[in-house]
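Descriptive structure summary
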Amino acid sequence: MICPQLWSLKRPGFFLPVFFLSLFVRTVTGQFTGQEASVAAMGGTFIARSGYSCAIQNQAGLGLVKEHSVSLYHSRPFMELGISSVGLQVSTEKGAWGTCFSSYGIPGLRQSSLWVSYGMAITPVLSAGIGMHFWTFSLPEKKLYDPGSSLALGLQARINEQWVLGAHILHPADWNDTASDHPDFTMTISAGCSYSFFKTAIFYSELYMAPEKRIQWANGIEWNLRNSIRFMLGIHNQPFTWSAGISVIRKRYELQITFQYVTDTGTIPNTSIHYAW
């Protein structure tokens, strides 16, 4: 049998492009598995953010969470492939716990993953967080195939009301036997910042570095059109991606509807809904 991580090198046919299978490798080890729609809309930027899905973003953002929340995410890169996630954040006295479960697949292959994270405010300016990511594949003849894990550490510094700086490191554990030889299963160091201006907009900019890979970058911006409506734009260079979306807030609910246009695969819709209390 060909290992699922190596399927991305094969072309199974016209109606099942390589991207279907390579998605498993890209998202299993990446930070963005189950990302909320607003993160996708802003180029995938997450380093200087805090919000509803910090368990799978920069875990240091959990140190700023003040409310409990539950979230649902869904994206559909292709008609046969849907990615669904459910997340929970529980506020504590000094920070918050967060968890997110994701599942997606194609006929004959499914992948499930779980993030468990904690973040805390060290000082009024500095927050830190840690996260563990567990995943496994599921085949018709074997429900648990090729499990793996990764560890994430994050920092955020709120310099003033306008500037937030952030750093993050993601490293796969050696539990996964086949991961050590695959180029996507490598340590990734990320750094970025956010800048607030006009009291209605926030700009995000980030860099991602991994051994033997080109430096990636992402930029995003969001505007508060009204107190209950936000508009978002983003760009990412690898693969080259344009993204946009809108967020509507109603009482304690927030609905996000966004899309990403990837130059080599097409349009990807994303939807998130959050409830905080």
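Before reading further, recall that the structure is shown in the block above.
Here the residue numbering is sequential within each chain, running from 1 through the sequence in written order. The predicted origin of the model limits local features to residues at a pLDDT of at least 70 and limits the giving and counting of side-chain atom pairs to 80 or more, whereas totals for whole chains, interfaces and linings rest on all residues. Hydrogens and waters are ignored; side-chain quantities use all the structure's heavy atoms.

Mapped onto the elements of the fold, Gly-220 is located in strand β10 (residues 216-226). Note on contacts: a residue pair qualifies if any of its non-hydrogen atoms lie within 4.5 Å across the two residues. Leaving out residues up to four positions away in the same chain, Gly-220 has contacts with Met-42, Thr-45, Ile-202, Phe-203, Tyr-204, Leu-233 and Gly-234. Strands here mean DSSP runs of E at least two residues long; helices mean DSSP runs of H or I at least four residues long; both are numbered from the N terminus.

Glancing now at the side chain of Ser-91. Inspection of the secondary structure puts Ser-91 in strand β2 (residues 81-91). Per-residue accessibility, obtained with a 1.4 Å probe over protein chains only, is compared with the maximum for each type, and a residue is labelled buried under 20%, exposed over 50%, and partly exposed between these values. Note on Ser-91: relative accessible area 17%, which makes it buried. Residues adjacent in sequence count toward polar contacts only when both atoms are side-chain atoms; beyond that, a polar contact is any pair of N or O atoms within 3.5 Å, and within protein one must be able to donate a hydrogen and the other to accept it. Among the polar contacts made by the side chain of Ser-91, one reaches the main-chain carbonyl oxygen of Val-65 at a distance of 3.4 Å. When near neighbours in sequence (up to four residues on either side) are disregarded, Ser-91 contacts Val-65, Lys-66, Glu-67, His-68 and Ala-96.

We now examine the layout of surface pockets. Only protein atoms enter the 1 Å grid, on which a cavity is a set of points fitting a 1.4 Å probe that cannot get out and a pocket is an open set with protein on both sides within 12 Å along at least 5 of 7 lines, lining residues being those with an atom within 4 Å of a point. Grid points are joined across faces, edges and corners, and a volume is the space filled by probe spheres set on the points. In this model, the second largest pocket occupies a volume close to 480 Å³. Mapped by element, the contributors of at least two residues to the lining of the second largest pocket are β8 (188-197), β9 (201-209), β10 and β13 (253-262).

With that settled, the discussion passes to the nonpolar core. To define a nonpolar core, start from buried Ala, Val, Leu, Ile, Met, Phe, Trp, Tyr and Cys residues and group those joined through side-chain atoms within 4.5 Å. If you look at the biggest cluster of nonpolar residues, it comprises nine residues: Leu-81, Ile-83, Tyr-104, Ile-106, Leu-109, Trp-135, Phe-137, Leu-139 and Tyr-145. Within the residue set of this core, elements represented by two or more residues are β2, β3 (95-106) and β5 (126-139). Examining the composition of this core, we find that three residues originate from one element, β5, more than from any other. Counting residues in hydrophobic clusters, the runner-up holds six residues, among them Ile-56, Cys-100, Ala-152 and Leu-170.

Turning our eyes to something else, we now look at the packing of aromatic side chains. Whether two aromatic rings pair depends on their centres lying within 6.5 Å, for rings of Phe, Tyr and Trp, where Trp uses its six-membered ring; planes under 30 degrees apart make the pair stacked, over 60 edge-to-face, and the rest tilted. On inspection of all chains with the given rule, the structure shows nine aromatic pairs. Ring centres 6.1 Å apart and planes at 20° place the aromatic pair Trp-223 and Phe-231 in the stacked group. On the basis of relative accessibility, which here comes to 28%, the residue Trp-223 falls in the partly exposed class. Judged by relative accessible area, Phe-231 falls into the partly exposed class, the value being 30%. Three or more aromatic residues joined by ring pairs make a cluster, and in this case those are Trp-163, Tyr-195, Phe-197 and Phe-198. Sitting over the ring of Tyr-204, Arg-49 keeps its end group 5.7 Å from the ring centre. Only lysine NZ and arginine CZ atoms are considered, and such an atom sits over a ring when it is within 6 Å of the ring centre and within 35 degrees of the ring normal.

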